[in-house]
Amino acid sequence: MDLLKALENRELTQVGDDLHRFAADLYPICRSITGDGVRRTLSEIRKLIPLQTTEVPTGTRIFDWTVPKEWNIREAYIKDSAGNRVVDFQQTNLHVISYSTPVHATMPLSELKPHLFTLPDHPNWIPYRTSYYEENWGFCLSHDQLLVLEDGDYEVCIDSTLEDGHLTYGECYLPGQSTDEVLISCHSCHPSLANDNLSGITVATALAQLLAPSDLRYSYRFLFIPGTIGAIAWLARNADEAKRIRHGLVLTCLGDRGEFHYKKSRRGDAEIDRAAAHVLHHCSKSSEILEFSPYGYDERQYCSPGFNLPVGCLMRSVWGSFPEYHTSADDLNFIQPGQLAESLRVCTAVVDVLENNCHYCNQNPYCEPQLGRRNLYRSIGGAAVPEEISARLWVLNLSDGQHSLLDIAERSGLPFGTIRDAADLLREGGLLSLTAGFELLDRNQIRP
Ligand SMILES: [Zn+2]
């Protein structure tokens, strides 16, 4: 099976436009770690892929945490004494601190100011702030907006509810030949933020769309969950499923113009770590591999010592390292169709490695087989050995049942796809057989 070729058969520009359009559809929705914004987001995703939603009641104990109250908001504004809305939730949901408790009062500017948050270094941008675990209320606005507020009384309204309800997450399970699983996880708890949140959601959805019609070696589980508390809730409720995870990726910040970064799993030498590093080395202009650290996204939970799952994190710019991070400047212009499409391509290439990485045994291990009479060698000798011939020789030499195709790709310096193509040819020519225990589907089994 060759997922990458299936993707490349589609016009990548069109793929990027589709990804960006989906991000634009989701952008206005006011998401948080709970509430109807999450449900609306999941129902949009469900139009594209099979998705099961789970509702976990407020107060449920999940390891050391408790599912919080559910937050919903209808309206919020600050009006000056003339009745003008000087801050209006209808213009952008970033104006309200996520999880703000309800308030409706009139107060002087001096009393209001401790509840106002701005970014003086970027006076046009609105910050993104949350107060999930401490009951509070507040507004975020541009520093320019703050500077023109005159002394006087202001009417403040946040029409929100914070009450017992549920934490909602979405799950797309694609069964494969094996019950061993590949986990793809992204957070879906940020409101109108494009790179941090929507880029991961859109790329994960598109990857699930690509995999859904394919005959897969592994089963795939896509999680669309609120950051931290959602991953903890899923892990607490799915101990058996977690044991089946063989490889995993957290997807985030995949739409900006930065170079790719892959953060290794806690294990550091898992197959997913090697597959991601190999793909980035061969298909990106420049990229960086980061060692595991216990902060970042939900890889923190998957890689907590009790689970220690082989889950890394793929991103372009690293969270917190770009000025637009957690501000209104992380908008639909900050993410680009071309970048989203390229990110989907990298994810697909990583999955391609996982799906096709297997061990072969050379059936003719005593000296080199005569490739020429099998039409597997160039007929006229030349100075340089073409890459595809080199790949065949590497595969034959290292296929001793101990080395995987990824091992061979790494050692030869050749791209995984070239090594896999060579192995396919040699297998068809009767020179290789699969090592027992490494089932593999035939190529090109993607259903129309
Ligand atoms: Zn964030």
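Now for a look at the structure at hand. The shown structure was predicted, so the numbers you read here are calculated from the model rather than taken from an experiment. Sequence order as written defines residue numbering, which begins from 1 separately in each chain. Side-chain atom pairs in this predicted model are given and counted only at pLDDT of 80 or more, local residue features only at pLDDT of at least 70, and totals for whole chains, interfaces and linings cover all residues. Computation of side-chain values: all heavy atoms of the structure, hydrogens and water removed.

### Side note on the overall build of the protein
Thinking step 1. Secondary structure elements follow DSSP: runs of H or I no shorter than four residues count as helices, runs of E no shorter than two count as strands, and numbering proceeds from the N terminus. Helix and strand counts for the protein come out as 14 helices and 19 strands.
Thinking step 2. Counting only C-alpha atoms and orienting by the principal axes, one finds that the protein spans roughly 90 × 45 × 40 Å.
Thinking step 3. Taking all 448 residues of the protein together, 57% fall into the buried category.
Thinking step 4. We call two residues in contact whenever any of their non-hydrogen atoms come within 4.5 Å of each other. Within the protein, residue pairs in contact and separated by at least 24 positions form 80% of the contacts whose partners lie at least 6 positions apart.
Thinking step 5. Surface accessibility of the protein: about 18900 Å² in total, with carbon and sulfur atoms responsible for 47%.
Thinking step 6. We count Lys and Arg on the positive side and Asp and Glu on the negative side, and we leave His and both chain ends out. Charge positions come from single atoms, namely NZ of Lys, CZ of Arg, CG of Asp or CD of Glu. Averaging the locations of the 40 positively and 59 negatively charged side chains of the protein gives two centres separated by 6 Å. We call a residue buried when its accessible area falls under 20% of the maximum for its residue type, exposed when it is over 50%, and partly exposed in between, using a 1.4 Å probe and counting protein chains only. Note that accessible areas follow from Shrake-Rupley with a 1.4 Å probe, and for residues the cover is restricted to the protein chains shown.

### Let's talk about the coordination of the zinc ion
Thinking step 1. Here a donor is any nitrogen, oxygen or sulfur atom (N, O, S) within 2.8 Å of the metal, with 3.2 Å used for Na, K and Ca; water is not among the atoms considered, so some sites may look incomplete. His 190 (NE2), Asp 196 (OD) and His 326 (NE2) make up the full set of protein donors to the zinc ion, lying at 2.0 to 2.1 Å.
Thinking step 2. For the zinc ion, the single-chain donor residues occur in sequence as H-x5-D-x129-H. Residue Asp 196 is found in helix α6 (residues 194–211), and its partner His 326 is found in the loop between β16 (311–315) and α11 (337–356); the two are separated by 130 residues along the sequence.
Thinking step 3. Residue classification places Asp 196 among the buried residues on the basis of a relative accessible area of 0%.
Thinking step 4. Given the relative accessible area of 22%, His 326 is considered partly exposed.

### Here's the deal with the packing of aromatic side chains
Thinking step 1. Stacked, edge-to-face and tilted are the three classes for Phe, Tyr and Trp ring pairs, Trp counted by its six-membered ring, which pair at centre distances within 6.5 Å; planes under 30 degrees apart are stacked, over 60 edge-to-face, the rest tilted. What the rule picks out here adds up to ten aromatic pairs.
Thinking step 2. When the centroid spacing of 5.9 Å and the interplanar angle of 75 degrees are considered together, the rings of Phe 63 and Phe 307 count as edge-to-face. A residue pair is termed long-range when its members are at least 10 positions apart, and Phe 63 in the loop between β2 (61–62) and β3 (65–66) and Phe 307 in the loop between α10 (299–302) and β16 qualify at 244 residues.
Thinking step 3. Residue classification places Phe 307 among the partly exposed residues on the basis of a relative accessible area of 25%.
Thinking step 4. Following the ring pairs from residue to residue traces out a cluster consisting of Trp 65, Trp 71, Tyr 99, Tyr 132 and Tyr 133.
Thinking step 5. Look at NZ for Lys and CZ for Arg. If either is within 6 Å of the ring centre and within 35 degrees of the ring normal, a charge sits over the ring. Positioned above the aromatic ring of Phe 260, the side-chain terminus of Arg 316 is 4.1 Å from the ring centre.

### Quick word on the packing of helix α12 (residues 387–398) against helix α13 (residues 405–412)
Thinking step 1. Axis definition: a line fitted to C-alpha atoms, limited for helices to the stretch in contact. Angles are taken between N-to-C directions and run from 0 to 180 degrees. The contact between α12 and α13 brings their axes to 10 Å, and the two run at 125 degrees. Classified by the angle between their axes, α12 and α13 sit oblique to one another. At the point where α12 passes α13, the crossing takes the right-handed sense. The segment α12 lies against α13, with Trp 394, Val 395 and Leu 398 engaging Ile 408, Arg 411 and Ser 412. Should an angle lie under 35 degrees it is considered roughly parallel, over 145 roughly antiparallel, and from 65 to 115 roughly perpendicular; all remaining angles are considered oblique. A crossing counts as left-handed when the near helix is turned anticlockwise from the far one by less than a right angle, and as right-handed when that turn is clockwise.

### Observations concerning the sheet that holds strand β12 (residues 219–225)
Thinking step 1. Two strands make a pair as long as DSSP finds a minimum of two bridges between them. What the eight strands build is an open sheet, ordered β1-β10-β12-β11-β13-β16-β14-β15; its pairing is mixed. With partners counted over all chains shown, the strands left at the sheet margins are β1 (52–57) and β15 (287–290), one partner each. Taken over all neighbouring pairs, the strand axes of this sheet differ in orientation by 20 degrees on average, direction set aside.
Thinking step 2. Relative to β12, strand β11 (residues 181–187) is paired through seven bridges, and the arrangement is parallel. Looking at β12, one finds that Cys 186 is bridged to Phe 224.
Thinking step 3. Along the sheet, helix α3 (residues 36–46) contacts β1, β10 (166–174) and β12; its crossing angle with β10, the most-contacted strand, is approximately 15 degrees.

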